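Structural overview for review
So the chains spell out like this:
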Amino acid sequence: ARRWTVEVIERRGDDAPPAMTRHQGVLYAHPSAHPTALNELALAGLQYSARRLRAGLVPDPGDCGLCGVLQLAHDGHEAHRQAGVAALGLPRALLHPVDRAQACAIAGIDVPHAGLFFPAAGWVHPPALCAALLDHPAIRLRRAHAAVALTQTGAGWAVADARSVLATAPVVVIAGGADSVQFRHTAHLPLRTIRGQLTLLPATAASRALRTVLCGEGYVAPARAGVHSLGATHRFRDRATDVRVAEHAENLGRLRRLAPRLYDAAGADGLDADALEGLAGLRCSSPDYLPVIGPIVDAAEFARTYAPLSRDATLALDAPAPWLDGLHASTAHGSRGLITAPLAGELLAACLEDEPAPLPAGVAEAVHPSRFLLRALVRRRLAPDAPT
């Protein structure tokens, strides 16, 4: 939209698993009662993504449902958190508390708890959203190419696969999830993976009464393409993406606790978990659960330039950062990618175009890739001559 020509290098081909054509992703924010950077980012991202979807970004109504998200106060801790969030005085159009009777009316099915309702949120089919964002005459998509090498040149950057150079450009944005660290320029980023599996729960005439997304320990969405998307599990230190019966059972157990009437309406007790469809993938996260968005520096040079901070963290240093000109990252969006990744694109575009940022300065700093290098220096863990 800012008159750049964009080439997207995507390692996946067109051979998506069948479950990929049917699942839903939820526009999900889980705000705390405290004014944190993550709170600001999640709520701003939720509003941005919802606004784009309301404007018709995804043209097929069967691929998007802004039906609202109802977060149920499923235990005492969650009820306390929700009371704190409600006390923040956020706009009612963004979120507001509802009692149990109101929650049942919104959901279209009996639910056992009161909760917080996000009326502008909902669900979207992620492949449809990606296709809509890529549908622009200035964007060229190259599938089935794995970028493995990144080289700085006199004119910018060259991106190559195992055989040849794929593209050259003055600007590169690395958006490869946890694999973003495969390049030496970004190897210092402390990224981690979290396995997640969702279950495609066959819809019944009774379960189709669900009118909004329900969230608690997990989530369940209204029916799309004959199934409810139900999820999702969390597995640290597990990079496998096979679909597992045990995790289907875990998702079903969460549904039973979250909404027993919906569980019964779907006939979940009579289902054979072995026969259920599902989808497993890897989320990428950071130690502070904030995404990594912004320009990349030379890590070794950064350590040398700001070495005095390891002795006195209060120093105000004015030395320019050793940027790797034109190299940026957008990764570690965790389970919030549908609400943080689109806004991250706006943040990067504003940076490249020298426009006002779409986020407060404190939030932009909180997601900056250099924050980990700075913290390591301040904690005296990064030696000025450390190899990268």
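Structure's up top.
My aim in this report is to walk through the structure given alongside it, one point at a time. (Residues numbered from 1 in each chain as written. Predicted model: local features only at pLDDT ≥ 70, side-chain atom pairs only at ≥ 80, totals over all residues. Heavy atoms only, no water.)

Regarding the overall build of the chain
Summing up its helical and strand segments, the chain has ten helices and 20 strands in all. The principal-axis extents of the C-alpha atoms in the chain amount to approximately 65 × 50 × 40 Å. With 388 residues in all, the chain has 46% of them scored as buried. Considering only contacts within the chain whose residues lie at least 6 apart along the sequence, 75% involve residues at least 24 apart. With an accessible surface of roughly 18500 Å², the chain has 55% of that area assigned to carbon and sulfur atoms. Each charge class in the chain can be summarised by its mean position, and for the 38 positive and 36 negative side chains these summaries are 2 Å apart. (Helix = DSSP H or I, 4+ residues; strand = E, 2+ residues; numbered from the N terminus. Buried < 20%, exposed > 50% of the residue type's maximum accessible area, 1.4 Å probe, protein only. Contact = heavy atoms within 4.5 Å. Areas by Shrake-Rupley, 256 points an atom, 1.4 Å probe, with all protein chains shown as cover. Lys, Arg positive; Asp, Glu negative; His and termini not counted. Charge placed at Lys NZ, Arg CZ, Asp CG, Glu CD.)

Remarks on the sheet that holds strand β9 (residues 149-153)
In spatial order, the strands read β9-β10-β11; together these three strands make up an open sheet with antiparallel pairing. The outermost strands of the open sheet, each flanked by one partner alone, are β9 and β11 (165-169). Averaged over all pairs of adjacent strands, the angle between their axes in this sheet comes to 20°, without regard to strand direction. Two strands pair when backbone bridges link them, and β9 and strand β10 (residues 156-160) are joined in this way by five bridges, in the antiparallel orientation. Looking across to β10, one finds that Ala149 is bridged to Ala160. (Pairing = 2+ DSSP bridges. Axes fitted to C-alpha atoms, helices over the stretch in contact; angles between N-to-C directions.)

Quick word on the pairing of strand β6 (residues 115-118)
Across four bridges, strand β4 (residues 69-72) lies against β6 in antiparallel orientation. Residue pairing for β6: Gln71 is matched across the bridge by Leu116. Pairing of strand β5 (residues 96-98) with β6, which is carried by three bridges, proceeds in the antiparallel orientation. Within β6, the residue paired with Pro97 across the bridge is Leu116.

Some words on the layout of surface pockets
Considering only enclosed or pocket space, the second largest pocket measures out at about 300 Å³ in volume. Surrounding the second largest pocket, 14 residues form its lining, Phe302, Tyr306, Ala321, Ser370 and Leu374 being those nearest its centre. Classifying every residue of the lining of the second largest pocket by side-chain character gives ten nonpolar, two polar and two charged. (1 Å grid on protein atoms, 1.4 Å probe; cavity = no way out; pocket = protein on both sides within 12 Å on 5 of 7 lines; lining within 4 Å. Points joined across faces, edges and corners; volume = space filled by probe spheres on them. Nonpolar A, V, L, I, M, F, W, Y, C, P; charged D, E, K, R; others polar.)

Observations concerning the nonpolar core
Leu27, Leu46, Val58 and Val124 are the most contacted members of the largest nonpolar core, which has 36 residues in total. The element that contributes the greatest number of residues to this core is helix α1 (residues 37-54), accounting for five residues. Those residues in contact with Val58 that lie beyond four places of it in its chain are Leu53, Asp63, Cys64, Val124, Ala128, Leu129 and Ala132. Residues Val98, Leu252, Leu255 and Ala259 belong to the second largest nonpolar core, which totals 24 residues. (Core = buried A, V, L, I, M, F, W, Y, C linked by side-chain atoms within 4.5 Å.)

Section: unusual backbone geometry
It is generally the case that most residues other than glycine have a negative phi and that most peptide bonds are trans. Cis geometry is adopted by the peptide bond preceding Ala232, which originates at Gly231 and carries an omega value of -15°. Among the structural elements, Ala232 can be located in the loop between β16 (227-231) and β17 (235-236). Although it is not a glycine, Ala144 adopts a positive phi angle of roughly 60°. Locating Ala144 in the fold gives a position in the loop between β8 (139-142) and β9. Looking at Ala144, the relative accessible area reads 54%, which means it is exposed. Backbone geometry at Asp354 places phi at a positive 55°, although glycine is not the residue there.

Observations concerning the sheet that holds strand β12 (residues 172-174)
As summarised here, the arrangement of the three strands in space is β12-β20-β19, forming an open sheet in which the pairing is mixed. One side of each edge strand has no neighbouring strand; the edge strands of this open sheet are β12 and β19 (292-297). Averaged over all pairs of adjacent strands, the angle between strand axes in this sheet comes to 30°, irrespective of strand direction. Across the face of the sheet, helix α8 (residues 337-353) comes into contact with β12, β19 and β20 (323-331) while running at roughly 165° to β20.

Describing a nonpolar patch on the surface
Residues Trp4, Val6 and Leu352 make up a contiguous nonpolar surface patch of about 220 Å² in total accessible area. Locating Trp4 in the fold gives a position in the segment before β1 (6-9). Overall, Trp4 belongs to the partly exposed group, its relative accessible area being 35%. (Patch = residues over 30% accessible without salt bridge, like charges linked within 9 Å, V, L, I, M, F, W, Y side chains within 5 Å. Salt bridge = Lys/Arg side-chain N within 4 Å of Asp/Glu carboxyl O.)

A closer look at the pairing of β19
Extensive coverage of β19 is indicated by the burial of six of its six residues. Where β19 and β20 come together, five bridges link them in antiparallel fashion. Residue Val297 lies in a different strand from β20, and its bridge partner there is Trp323.

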